Structures are given as structure tokens and as C-alpha cells.
Amino acid sequence: MRYISTRGQAPALNFEDVLLAGLASDGGLYVPENLPRFTQEEIASWAGLPYHELAFRVMRPFVTGSIADADFKKILEETYGVFAHSAVAPLRQLNGNEWVLELFHGPTLAFKDFALQLLGRLLDHVLSKRGERVVIMGATSGDTGSAAIEGCKACEHVDIFIMHPHNRVSEVQRRQMTTIFGENIHNIAIEGNFDDCQEMVKASFADQGFLKGTRLVAVNSINWARIMAQIVYYFHAALQLGGPARSIAFSVPTGNFGDIFAGYLARNMGLPISQLIVATNRNDILHRFMSGNQYVKETLHATLSPSMDIMVSSNFERLLFDLHGRNGAALAGLMESFKQGGGFSVEEDRWTEARKLFDSLAVNDEETCETIAEVFAQTGEVLDPHTAIGVKAARECRRSLDTPMVILGTAHPVKFPEAVEKAGVGKALELPAHLTDLFQREERCTVLANDLKAVQAFVSQHGNRGKPL
Ligand SMILES: *Cc1c(COP(=O)(O)O)cnc(C)c1O
């Protein structure tokens, strides 16, 4: 499988190189040159497969030529073997024909484990074959950092440096990062905010002298392998609910358009998905596009669903690429006008095309809490605030009551106690078994000034399994 850039200028890469690449050299994002397409009979024949075997069938076309079947099977079995639920991604019924797909049974209790547990193992596999080592640098306001650290802790060829804003992440989220030990794991608390952390990651990619030749890898949601891993659970959910013989609708809490883009790909690969609902919080750039064809940057608001607090959706470029007939030059122009003017609209027929599949809703904090309380009253289930936004959007935007509606349950509620307490259902919460001693565990973390040189010096001092590069 070959991968091309959405902006048309960067060289095409194979899977192995795309895994290590991050952004394309022309500033675009990599996408498969040709999407695999499965027949209905083929999809139907996968009913009842364990999750890792289904994952093998769905993802195999994306990695062929780079990873041998037997190796890939083994990697997938290990990856999804660490999940705390034997169904890996179980469905829970909320209401008539309405279901939550629970994607929070991984080590860090959010859906990001699906992709990052796999990414760490794929990286290590490819790097050991090549006899190379890499450094990962990432910035996090919460979920990504812990999932990336958990995903990389067993990697022999990867040193990972995760920066979070000092004293500005929740205690659960901090402890999920700082209580994982390994000579290749480095938590850095920056005396600054999340944007400061992210700027330092960007600056490090732009000027890599301090790495002395070691390759720097990104694990943010633009990495193709993360999207790829998320396609699988759409197939998994549909197969449980009578697919592919019947259509399924999904409602997806989203910020960077990563998770929902995976659903869009599942549909283009042959899965009958009749509706995809973009569910955002008050940071609603995606909702403003879907409802009014306005993709315009606005100020960032802090909400009770912090993992979706973004101003610009990095993966949206991948959908725009398809809407523009995969014309890289057109995309480069569009993204340039966004950079210059902070916004754009697309031609009416392209927008109408998107609206055939996508609906959207923006949900504020008050409605989020109301939905958590409402679902608790109806079912006794406590939802996390991101998932609650998905439920609210599903109930408002649903096109057909006969079509099963699946809401992606992106996190365990225990990660976001503030929203759950505001909704008045906090007492019902407990940490899952593998984390009951989280608050007793020892923590390891280095506090550094908001200073690029200090951070880069730290990385070059510790980037080789804790030793200097
Ligand atoms: C990351 C995250 C999201 C948003 O996912 P995108 O891929 O950015 O759309 C939603 N909910 C939770 C809990 C997350 O951690």
C-alpha cells in the first residue's frame, strides 16, 4: 500500500515510512492512495471473530508489503490482549435501538489506547528490523500523553518525552502518566500552559540539531496508523448489530476529526453506515462547517470535556481532500487561505456532498451535565462528558429510529470527575480494578521552565534509554 499527501507535493511513502513520518514534507497529511474495499459477503463472514482477528482482516491491506502477516497477527493479539474486557469494545444498550460502544477498557481508560497500544508495538517492530532508535516528543493536556506512555513503555527502540502543563492537568490524568516507570519514559511538567508545550514540540521538529541524528517521531492524531486502528471498531460494532445486512448510524464526540474520519473510511471500505454525527462541545468549528459551510477559527474555550477543546481540527484536511476530488493543489490553496484569513467555505456542491452523510451538533457544558443526569436516571449508567455529548447529539440529530444508533463511548467517567459531580451522579463512580491503587503509587516527573533550550538539553541528556544521545 502506498500513501500520498493531501497537498500533492510530498513523495508517496509505504506503510513503514508513513508510520515514522508524521506530517508530509509539503505540510499535508498522508492518506492511502487507494482505499481497500470489502464485499458484503466478506464482511458478513467476519461475524463472531475475536477483536484482534477482525482487526487483522480490516487492517491487513494497509500494512501489506511492510509487515508480514504472521508478525502482524501476533502484534494485534498482544495489543488487544491488554484490554480489561474480553470483548475489547463491548456495546451497552441505553435505549431502544440506541447503544454506547465502550472504548474505555484499555490501560488508560480512553479510546486512544486502541491506536496507541498498536502504534507503540508497530514502531518497535519496524525499528528493530531496521536496527534504529527514535525519540518521541509529545505535548498533552491529558488523554494522549498517558495513552502514548502506556503504548511505548515496553518499546526497546523508543524513548518517549511527554510534556504536560505543570499543575494544569487533573490528578487522575497526571498520575496515569507519572506512575509509569521505565528508563525510556520521561514525564516533563512545563511551567507554562498546553500551547507552550505544543509550541516546543513543533519547534523541536523544525530544528532537530539537539537530537544528534536520532529520528524524531510524532504520535499526535495526524499519524496515519492511529486513524487506521480506529476503523476496526466501526466494523466490530456493526457486526454485533446485524451489519452488514443492515445499515448503522454512529454519533462521534470529536475535536480533531480523527475518530469520526475513521468511521468515514469504514463506510468507504464497504461498511453500510447511513449517518455519521459530528458531536462537538462549545469549541464547534466542525459543527459550524457541517451546519453552515463555515470553517472559521475562533477563540478557544475551556469546557468540561477538555479532550475536545481545540480551535482547528487537524484531521479535517483528510476529508476536505476527498471532497475536492483528491486534488492536492486545490487543498494546498484552501489551507493557505485558512492560514492567511483564518477561515473558508467550500463550493456548495462539495458541502452538500458531505451533508449526505454527516450531521452535527454543538453541546454546551450545561447540556452535557443534563445528559449525564438524564442517562443516569434512565439506565443507572454514568457517562463521561465526551460520551454524553455524543448521546445528546445522537438524540437530536438521528435520522431514523429503525437504524441502530451507536454512540462512541470515548472515555471512562472516572477520568472526568468534575463533570460527573456537576451532574449530581459523582457518588456512583469507582476506579476500575487495575487502577484502584493509583492514588497510592509513587510518581516520577521532572519540572522544567517554559524554555525550549532547557527542554531540548533534557532530551539530548536522556534520549537513549535515559542516557545521553
Ligand atoms: C481525544 C478524545 C476525543 C476526541 O477525539 P478526536 O480524534 O480528536 O476527534 C474525544 N473524547 C476523548 C475522551 C478523547 O480523549
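Residues numbered from 1 in each chain as written. Predicted model: local features only at pLDDT ≥ 70, side-chain atom pairs only at ≥ 80, totals over all residues. Heavy atoms only, no water.

1. Quick notes on the overall build of the protein chain
Thinking step 1. Assigned secondary structure in the protein chain consists of 18 helices and 16 strands.
Thinking step 2. Taking 2.2 N^0.38 as the reference for a compact globule, 469 residues should give roughly 23 Å; the C-alpha atoms of the protein chain span a radius of gyration of 21 Å, in line with that estimate.
Thinking step 3. Its C-alpha atoms give the protein chain principal-axis dimensions of roughly 60 × 50 × 50 Å.
Thinking step 4. Looking at the protein chain as a whole, 58% of its 469 residues qualify as buried.
Thinking step 5. Long-range pairs, those at least 24 residues apart, make up 76% of the contacts in the protein chain with a sequence separation of at least 6.
Thinking step 6. Counting 44 positive and 55 negative side-chain charges, the protein chain places the centres of these two groups 3 Å from one another. (Helix = DSSP H or I, 4+ residues; strand = E, 2+ residues; numbered from the N terminus. Rg over C-alpha atoms; globule rule 2.2 N^0.38 Å. Buried < 20%, exposed > 50% of the residue type's maximum accessible area, 1.4 Å probe, protein only. Contact = heavy atoms within 4.5 Å. Lys, Arg positive; Asp, Glu negative; His and termini not counted. Charge placed at Lys NZ, Arg CZ, Asp CG, Glu CD.)

2. Comments concerning the site of the ligand
Thinking step 1. Inspection of the region around the ligand gives 15 residues, with K112, D143, T254, N256 and T410 positioned closest.
Thinking step 2. Contacts to the ligand include D259, whose backbone N or O atom sits 3.2 Å from an oxygen atom.
Thinking step 3. Here the ligand has 380 Å² of accessible area as a free molecule, and 96% of this is covered by the chains.
Thinking step 4. Here the residues of the shell around the ligand sort into five nonpolar, seven polar and three charged. (Near = heavy atom within 4 Å. Polar contact = N/O pair within 3.5 Å; in protein donor to acceptor, adjacent residues only side chain to side chain. Areas by Shrake-Rupley, 256 points an atom, 1.4 Å probe, with all protein chains shown as cover. Nonpolar A, V, L, I, M, F, W, Y, C, P; charged D, E, K, R; others polar.)

3. Some remarks on the nonpolar core
Thinking step 1. One finds F15, Y80, Y234, F235, F250, F257 and F358 to be the most contacted residues of the largest nonpolar core, which totals 109 residues.
Thinking step 2. Among the elements that make up this core, the one with the highest residue count is helix α9 (residues 224-240) (13 residues).
Thinking step 3. Each residue touching F250, except ones within four places of it in the same chain, is listed here: Y234, A237, I273, Q275, L276, I277, M405, V406 and L408.
Thinking step 4. Among the nonpolar cores identified, the runner-up in size contains 26 residues, and C369, L383, A388 and A394 belong to it. (Core = buried A, V, L, I, M, F, W, Y, C linked by side-chain atoms within 4.5 Å.)

4. What to know about the sheet that holds strand β2 (residues 13-14)
Two strands in a sheet stick together by hydrogen bonds in their backbones, pointing the same way (parallel) or opposite ways (antiparallel).
Thinking step 1. Taken in spatial order, the three strands line up as β2-β1-β3 in an open sheet, and their pairing is antiparallel. Strands at the two margins of the open sheet, each flanked by one partner only, are β2 and β3 (30-32).
Thinking step 2. Bridge analysis of strand β1 (residues 2-5) against β3 gives three bridges, and the strand direction is antiparallel. Within β3, the residue paired with Y3 across the bridge is P32. (Pairing = 2+ DSSP bridges.)

5. Some words on the environment of F358
Thinking step 1. Mapped onto the elements of the fold, F358 is located in strand β14 (residues 358-362).
Thinking step 2. Taking the relative accessible area as the measure of exposure, F358 reaches 1% and is therefore buried.
Thinking step 3. Put simply, F358 and F250 are 108 residues apart on the chain and 9.8 Å apart in space, counted from C-alpha to C-alpha.
Thinking step 4. Among all residues touching F358, those that are not within four sequence positions of it are F257, I260, Y264, L276, V278, M290, L319 and R399.

6. Structural notes on helix α7 (residues 171-178)
Thinking step 1. Most of α7 sits inside the fold, with six of its eight residues counted as buried.
Thinking step 2. Looking at α7, one finds that the buried residues are V172, Q173, R175, Q176, M177 and T178.
Thinking step 3. Of the surrounding secondary structure, the elements contacted by the buried residues of α7 are α6 (143-152), β7 (158-165) and β8 (185-191).

7. Points about the packing of aromatic side chains
Thinking step 1. Within this structure, the stated rule accounts for 26 aromatic pairs.
Thinking step 2. Judged by centre distance (5.9 Å) and plane angle (70°), the rings of F338 and F344 are edge-to-face.
Thinking step 3. Grouped by ring-pair contacts, the aromatic residues F257, F261, Y264, F289, Y295, F316, F338, F344 and F358 constitute a single cluster.
Thinking step 4. The cationic tip of K73 hangs over the ring face of F56; the distance from NZ or CZ to the ring centre is 4.9 Å.
Thinking step 5. Sitting over the ring of F181, R444 keeps its end group 3.8 Å from the ring centre. (Phe/Tyr/Trp six-rings, centres within 6.5 Å; stacked < 30°, edge-to-face > 60°. Lys NZ or Arg CZ within 6 Å of the ring centre and 35° of its normal.)

8. Some details on the layout of surface pockets
Thinking step 1. Approximately 440 Å³ is the volume attributed to the second largest pocket.
Thinking step 2. Lining the second largest pocket are 23 residues, with E102, F104, H105, H412 and P413 positioned closest to its centre.
Thinking step 3. Every element with two or more residues in the lining of the second largest pocket is listed here: β4 (91-95) and β5 (98-102).
Thinking step 4. Partitioning the lining of the second largest pocket into residue classes produces 12 nonpolar, six polar and five charged. (1 Å grid on protein atoms, 1.4 Å probe; cavity = no way out; pocket = protein on both sides within 12 Å on 5 of 7 lines; lining within 4 Å. Points joined across faces, edges and corners; volume = space filled by probe spheres on them.)

9. A few points about unusual backbone geometry
Thinking step 1. With an omega of 0°, the peptide bond running from G243 to P244 counts as cis.
Thinking step 2. Note that P244 resides in the loop between α9 and β10 (248-253).
Thinking step 3. A positive phi angle, near 70°, is found at L109, a position not held by glycine.
Thinking step 4. Tracing the backbone shows L109 in the loop between β5 and α5 (112-130).
Thinking step 5. Of note in the backbone geometry, F257 takes a positive phi value of approximately 65° without being a glycine.
Thinking step 6. Among the structural elements, F257 can be located in the loop between β10 and α10 (258-268).
Thinking step 7. Since its relative accessible area comes to 0%, F257 is described here as buried.

10. A word on the side chain of N223
Thinking step 1. Tracing the backbone shows N223 in the loop between β9 (215-217) and α9.
Thinking step 2. Polar contacts involving the side chain of N223 include one to the main-chain carbonyl oxygen of L19, which spans 3.3 Å.
Thinking step 3. Of the polar contacts made by the side chain of N223, one reaches the backbone nitrogen of A225; its length is 3.0 Å.
Thinking step 4. Ignoring anything within four residues of it in the chain, the contact list for N223 reads L19, L119 and A218.

11. Overview of the sheet that holds β7
Thinking step 1. One open sheet accounts for five strands, arranged β9-β6-β7-β8-β16; its pairing is parallel. Whereas interior strands pair on both sides, the edge strands pair on one side only; in this sheet they are β9 and β16 (446-449). The sheet shows a mean angle of 30° between the axes of neighbouring strands, direction not considered.
Thinking step 2. Across the sheet, α7 is in contact with β7 and β8; its angle to β7 comes to roughly 160°. (Axes fitted to C-alpha atoms, helices over the stretch in contact; angles between N-to-C directions.)

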